[in-house]
Amino acid sequence: MMIVNYVGCFALIALGVYCMVTKHDLIKVVIGMSLVDYGANLMVVTVGFHPGGTAPIFTISELSRASFFVDPIPQALTLTSIVIGACTTAMSLSLCMMLKRQYGTLDTREIRRLRG
């Protein structure tokens, strides 16, 4: 089961990098950026997961040497990364709107050509 998560992580990251490198439409580049972000988030959660682990919420009477908890740090980092990714995507899309208003196109080749 864990191998499927790792394959999914690498597939999302590879597809996102492919979109960012090969596409000339800025909206597709932003989508590729988001795919890389989702793949990285899935990777962090997958690395932090332990089969059979429980939530790290306990009382002193429940704590024993046999207790096995899932590390909460990757989950907290992923939650923070999701918020940062949403803000980055919103900012990128607002820049795309301004470029469309300024240049009349979202094609990077045209914008480079019009720069001058």
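Refer to the preceding data block for the structure.
Sorry if this is basic, but what is going on with the overall build of the chain here?
Secondary structure assignment for the chain yields 4 helices and 0 strands. Taken from N to C terminus, the helices and strands of the chain fall in the order α-α-α-α. Taking 2.2 N^0.38 as the reference for a compact globule, 116 residues should give roughly 13 Å; the C-alpha atoms of the chain span a radius of gyration of 20 Å, well beyond that estimate. Overall, the chain is about 70 × 25 × 15 Å in size when its C-alpha atoms are taken along their principal axes. A separation of at least 24 residues holds for 54% of the contacts in the chain among residues at least 6 apart in sequence. Just so you have it, the chain exposes about 8300 Å², and 71% of that area is on carbon and sulfur atoms.

Is there a simple way to think about helix 1 (residues 2-22) in this case?
With 21 residues, helix 1 extends 30 Å from end C-alpha to end C-alpha; this agrees with the ideal 30 Å at 1.5 Å per step. For helix 1, the full list of buried residues reads Cys9, Gly16 and Cys19. Viewed end-on, helix 1 has its buried residues packed into an arc of 105 degrees, placing them on one side of the element. Among the exposed residues of helix 1, those oriented more than 90 degrees off its buried face are Ile3, Val4, Val7, Phe10 and Val21. Close packing links the buried residues of helix 1 with helix 2 (26-48).

What counts, and where the lines are drawn
Residues numbered from 1 in each chain as written. Predicted model: local features only at pLDDT ≥ 70, side-chain atom pairs only at ≥ 80, totals over all residues. Heavy atoms only, no water. Helix = DSSP H or I, 4+ residues; strand = E, 2+ residues; numbered from the N terminus. Rg over C-alpha atoms; globule rule 2.2 N^0.38 Å. Contact = heavy atoms within 4.5 Å. Areas by Shrake-Rupley, 256 points an atom, 1.4 Å probe, with all protein chains shown as cover. Expected span 1.5 Å × (residues − 1). Buried < 20%, exposed > 50% of the residue type's maximum accessible area, 1.4 Å probe, protein only. Arc of directions from axis to C-beta.

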